[in-house]
Amino acid sequence: MTDHTQDTEKKTVSHTKQMREIMTAYYIDAKTARENNKKVAWITSGGPVEPLIAMDIIPVYPENYGAMIGASKMGVDLCKKAEDMGYSSDLCSYARGDISCATVKGGPIGGLPEPDMLICCNNICGTVLKWYEVQARYFKVPLFIFDTPIVHTEFTREMKTYVQRQMEEYIVFLENVSGRKMDRDRMVDVGKLSVEGQQLWQEVLDTTMNRPSPMTAFDAFFYLALIVTLRGTKQAVDFYRGLRDEMRIRASEGKGAIPRERYRLLWDNLPIWYRLKWLSQEFAKHDACLVADTYTSAWCGSMKYIDRNDFIGSAAETYTRIYLNIGVDKMAEIVLSMIDKYQADGIVMHSNRSCKPYSFGQYDIQKIVERERGIPSLIIEADMCDERSFSEAQIQTRIDAFMEMIRAKKGAS
Amino acid sequence: MNHLEEYRRAVSDPSDYVQQLKKASGKKIIGYTCSYTPEEVIMAAGAHPLRLFGTKQHISLADSHLQSYCCSVVRGILEEGLSRRVDYLDGMVFPHTCDSMQRLSDIWRMNIPFGFHLDITLPVKLDTASAKDYMIDVLKKFRDDLSRKLNVEISDDAVQKAIASTNAIRQSVRAIYDLRNLYPQLMPGEDLYNIVRASMIMDRNRLAVMLAETAADLKERAAGTKPAVVKRILMAGGMCNQPDVYAMIEESGGKIVWDDFCTGARYFTGLTDTGSDPLSSIGERLLNRVVCPAKHTDLDGRARHIIQLAEEKNAQGVIFLLPKFCDPHAFDYPYLKERLEKSGIPLMHVEVDDSLPAEGQLKTRFESFLEML
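All residue numbers refer to position in the chain's written sequence, counted from 1. Starting at A for chains and at 1 for ligands, labels are handed out in the order in which the entities are written. In keeping with the model being predicted, local features are shown solely for residues with a pLDDT of at least 70 and side-chain atom pairs are shown and tallied solely at 80 or more, while totals for entire chains, interfaces and linings include all residues.

(A) View of the overall build of chain B. Secondary structure elements follow DSSP: runs of H or I no shorter than four residues count as helices, runs of E no shorter than two count as strands, and numbering proceeds from the N terminus. Helix and strand counts for chain B come out as 15 helices and eight strands. Atoms counted for the radius of gyration: C-alpha only. Globule rule: 2.2 Å times the number of residues to the power 0.38. In summary, chain B has a C-alpha radius of gyration of 20 Å against a globular reference of 21 Å for 373 residues, a match within 12%. Neighbour counting defines burial: a residue surrounded by 20 or more other C-beta atoms within 10 Å of its own C-beta is buried, one with 12 or fewer is exposed, and intermediate counts give partly exposed, using backbone-placed C-beta atoms. By the burial criterion, 50% of the 373 residues in chain B qualify as buried. We call two residues in contact whenever the C-beta atoms placed from their backbones are within 7 Å. Taking as baseline every contact in chain B between residues at least 6 positions apart, the subset at least 24 positions apart corresponds to 73%.

(B) Region of interest: the overall build of chain A. Within chain A one finds 17 helices and eight strands. Computed over the C-alpha atoms, the radius of gyration of chain A is 21 Å, within 12% of the 22 Å expected from 2.2 N^0.38 for a compact globule of 413 residues. With the C-alpha coordinates aligned to their principal axes, the bounding extent of chain A is approximately 65 × 50 × 45 Å. The buried share among the 413 residues of chain A stands at 54%. For chain A, contacts bridging at least 24 residues in sequence account for 79% of all contacts bridging at least 6.

(C) Broad picture of the sheet that holds strand β3 (residues 91-95) of chain B. All names here are of chain B. Spatially, β2-β1-β3-β4 is the arrangement adopted by the four strands of the open sheet, whose pairing is parallel. Of all the strands in the sheet, just β2 (48-51) and β4 (116-120) have a single pairing partner and so form its edges. Averaged over all pairs of adjacent strands, the angle between their axes in this sheet comes to 25°, without regard to strand direction. Pairing between strands is defined by DSSP: at least two bridges between them are needed. For strand β1 (residues 29-32) and β2, the ladder comprises four bridges, and the chain directions are parallel. Within the sheet, the bridge partner assigned to Ile30 lies in β2 and is Pro49. Contacts between helix α6 (residues 129-150) and the sheet are confined to β3 and β4, with β4 contributing the most and set at about 175° to the helix. Helix axes are fitted only over the stretch in contact, all axes being lines through C-alpha atoms; the angle between N-to-C directions runs from 0 to 180 degrees.

(D) The sheet that holds strand β7 (residues 346-352) of chain A, seen in detail. Residue and element names in this part refer to chain A. Pairing is parallel across the open sheet formed by four strands, whose spatial order is β6-β5-β7-β8. Each having just a single partner strand, β6 (288-293) and β8 (377-382) make up the two edges of the open sheet. Pairs of neighbouring strands in the sheet enclose a mean axial angle of 30°, with direction left out of account. By the bridge criterion, four bridges tie strand β5 (residues 263-268) to β7 in an arrangement that is parallel. Following the sheet pairing, Asp268 is matched in β7 by Met349.

(E) Structural context of the packing of helix α7 (residues 156-182) of chain B against helix α12 (residues 278-288) of chain B. Residue and element names in this part refer to chain B. It is the contact of α7 with α12, at a shortest axis distance of 9 Å, that shows an interaxial angle of 35°. Where α7 abuts α12, its residues Asp156, Val159, Gln160 and Ile163 lie against Pro278, Leu279 and Ser281. Only Asp, Glu, Lys and Arg are considered charged in this grouping, and only Ala, Val, Leu, Ile, Met, Phe, Trp, Tyr, Cys and Pro are considered nonpolar; every other residue, Gly among them, is considered polar. For the contact of α7 with α12, the per-class residue count stands at four nonpolar, two polar and one charged.

(F) Fine view of the interface of chain A and chain B. If you look at the interface, chain A gives 41 residues, while chain B gives 41 residues. Where the side of chain A that touches chain B is concerned, the elements lending two or more residues are α6 (127-139), α7 (157-178), α14 (328-341), α15 (356-359) and α16 (362-373) of chain A. Broken down by element, the side of chain A that touches chain B gets its largest block of residues, eight residues, from α6(A).

(G) Structural view of the packing of helix α4 (residues 72-82) of chain B against helix α5 (residues 99-111) of chain B. All names here are of chain B. Where α4 contacts α5, the two axes come as close as 10 Å, and the packing angle between them is 10°. The orientation of α4 relative to α5 falls into the category roughly parallel. Contacts between α4 and α5 involve Val74, Ile77, Leu78, Gly81 and Leu82 from the former and Ser100, Met101, Leu104, Ile107, Trp108 and Asn111 from the latter. Its residues assigned to classes, the contact of α4 with α5 shows eight nonpolar, three polar and no charged. Here the word oblique covers every angle except those under 35 degrees (roughly parallel), over 145 (roughly antiparallel) and from 65 to 115 (roughly perpendicular).

(H) Highlighting the environment of Met303(A). Residues and elements named next belong to chain A. With respect to the element layout, Met303 can be found in the loop between β6 and α13 (311-320). With 104 residues separating them along the chain, Met303 and Gln199 place their C-alpha atoms 7.8 Å apart. Sequence-distant contacts of Met303, defined by excluding residues within four places in its chain, comprise Gln198 and Gln199.

(I) Representation of the pairing of β5(A) within the structure. All names here are of chain A. Counting buried residues along β5, six of its six residues qualify, which places the element largely inside the surrounding structure. Of the two faces of β5, the one lined by Tyr263, Leu265 and Trp267 and the one lined by Arg264, Leu266 and Asp268 are each fully buried. As defined by bridge partners, β5 adjoins β6 across five bridges and the pair is classed as parallel. Bridged to Leu266 within β6 is Ala292. A crossover counts as right-handed when, viewed with the strands pointing away from the observer, the path leading from the first strand over the helix to the second turns clockwise. Note that the unit made of β5, helix α12 (residues 276-285) and β6 has a crossover that is right-handed.

(J) Highlighting unusual backbone geometry. A cis amide bond links Arg211(A) with the next residue in sequence, Pro212(A), at an omega value of -5°. Within the secondary structure layout, Pro212(A) lies in the loop between α8 (184-206) and α9 (217-223). You will see that Arg84(B), though not glycine, has its phi angle at about 65°, which is positive.

(K) Up close: the environment of Pro357(B). Residues and elements named next belong to chain B. Relative to the helices and strands, Pro357 is located in the loop between β8 (347-352) and α15 (359-372). Along the primary structure Pro357 and His96 are separated by 261 residues, whereas in three dimensions their C-alpha atoms are 30 Å apart. Once residues lying within four places of it in the same chain are set aside, the contact partners of Pro357 are Val350 and Leu362.

(L) Focus on helix α5 (residues 93-104) of chain A. Residue and element names in this part refer to chain A. With 12 residues, α5 extends 16 Å between its outermost C-alpha atoms, agreeing within 8% with the 16 Å of an ideal straight helix rising 1.5 Å per residue. With 10 of 12 residues buried, α5 lies mostly within the body of the structure. Listed in full, the buried residues belonging to α5 are Ser93, Tyr94, Ala95, Arg96, Gly97, Asp98, Ile99, Ser100, Cys101 and Ala102. Residues of α5 that are buried in the fold lie against α3 (62-71), α4 (75-84) and α6. One less than the residue count of a helix, multiplied by 1.5 Å, gives the span that helix is expected to have.

(M) Structural view of the confidence of the model for chain A. Per-residue confidence for chain A gives a mean pLDDT of 94, with 96% of residues at or over 70. Residue-level confidence of the predictor is summarised by pLDDT, bounded by 0 at the bottom and 100 at the top. Across residues 1-8 of chain A the pLDDT falls below 50, and counting only partners more than four positions away or on other chains, this stretch makes 21 contacts in the model.

(N) Highlighting the environment of Ala332(A). With respect to the helices and strands, the residue Ala332(A) is situated in helix α14. Among the residues examined, Ala332(A) registers 21 C-beta atoms within 10 Å and is labelled buried.

(O) Spotlight on the confidence of the model for chain B. Across chain B, pLDDT averages 95, with 100% of residues at or above 70. Scored by ipTM, the complex comes to 0.96, with pTM at 0.96.

Next up, the structure:
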């Protein structure tokens, strides 16, 4: 957990510790999969993981690993290695980091366990398609592409049929690669656990509606790992229930995540992994708490489309209509509703060189937010893992100017 | 005016050409962004399809909608819309390709007041039965959407006729490419560039006639001559917005004999079947044509295709033009390089933003590459 609070709670620490333990155990499990006769699937962060869980295939997330690379400040070195291999420095830094780790066997935790299969769902971007093609050529393992057409304006009947058919193809693919049939009853249970986990994650995030907020978006970036990697397990459900209860208690006791919360901000786009602490401190200095973000909420944002009793049957819509796979105007609507829900006084947008589908359109969203809600906005030009795109002095100046605007608008008290 | 001059003029000022066409024919003008657009459906609606390539000049308005790390094609197309330089368009269609084009569609829809807006949400993978069915469903939906927007019937017969006309155009451009491949001295590369681009700009009925005449004329001129001995170059990479490259390579002692651009050979490769269901036939062609790196058919198809082209066209080297900030091409380049090197095919690459690297510098690079061949 990001250390931005002086009165670090014992119980919060225990959740941080618990989460670290769960993630460590998960990675040990994944790294020893071969010895335990288990298969490993690499999967994109927005991909349908539930069928893997139901079939005891261990999901591994190169994007989660990308975040680890960024947070451990290994991004620049690994990105440079990929550039030496011929990959342009303009490509996604998660992809560059992961591609170079696969070949140089470097990176945090000694690299990821090799995949037996690759599952690429393009609901988050087109980059993952190219990235997974690279890895499929390198590891020579089967690649399944789960193609979720972008919902610019409408989710059509044609899209639904196409994605739904792929759900069945996906299960057949997993059965073929693993040599086992899927237990459909188990799948139903996993589906229910997934929905429960997503609900609890939303409830965790919703505790930040309290004033002061018991946690920040920086905490959410940390706690996110489980809803991504272990969605559909009881472990994730239990953890988030505990975390939610803890955050609710903190809120009821009036304990805020930062010493003095005067201003509340919304964050847009992926975190800047190598500067989480610095950024949280910069904002805390101005008594500003980042109470919510469009990123971590993406893993529970399409719950309204899920039929909990027919997870597979409703998966087409759930997995296609996620936050990034919709039109910019729809994204703006969600941003506006989050501003209202979390009572944000301003919005901080990370213009992320690595993520074009998330970043192109931000200027339009910024204009819509200013027009519809009249709150100040700040755009930080940076990159999620590649520190070479981060100019600390410039960003600090801009944060100061932005906070000055917010203070002027809201009043200092 | 001879044909080559007519192609040249249309390419140098597409807006002027199309506005005159609109005035003379009363045809609705429908802009599009990518070679996966089913032009035949637009033609069958009685409208004129115009590919936008993006302006390179006076970019000022697009910068307040797109960050600095967006490619020049997307930025240039948006600029044309925002500046109203293309306000004669009656509509704009956006086939799904890459992340940047995807967001261009949204930003266009939210900011451009003139003309209708349509998405064609094509599949990204093209190699499965469900993707094929979806492709055809999407094309049918596009026909229905367009028919509503233009308020016209789009009959199977009309689509069939448009297929015949598009096939004729593609066959002629191919014949021109084939002739020039055999006799590189027949015309400068820049004219070849103009011909294929003009095919996406000019009136298709007129083109069908003109291109056949150009092909016949070249055939006549080639008869009895000997193929010139030149250093034969295959161009590959993203779309080419750089006509100067042809002359530069020619001045350096080479000739571009073929390419793998969507603004080049990928546009005319593969004819559409004239079977019973025209939309299925269009879909089949889109599924089977040489793939854009933003789409998926298999893991090795592009390498095989480029190597095969180099061998077939007897190219001594391959020059990749990689548009800056084009992720799909940038991801493919390292593996293509590795595969070409394994096959013993020399290659070089040039990164292109809105303009080419400084001329002197680039020419030196071309010269030393060609010298090595």
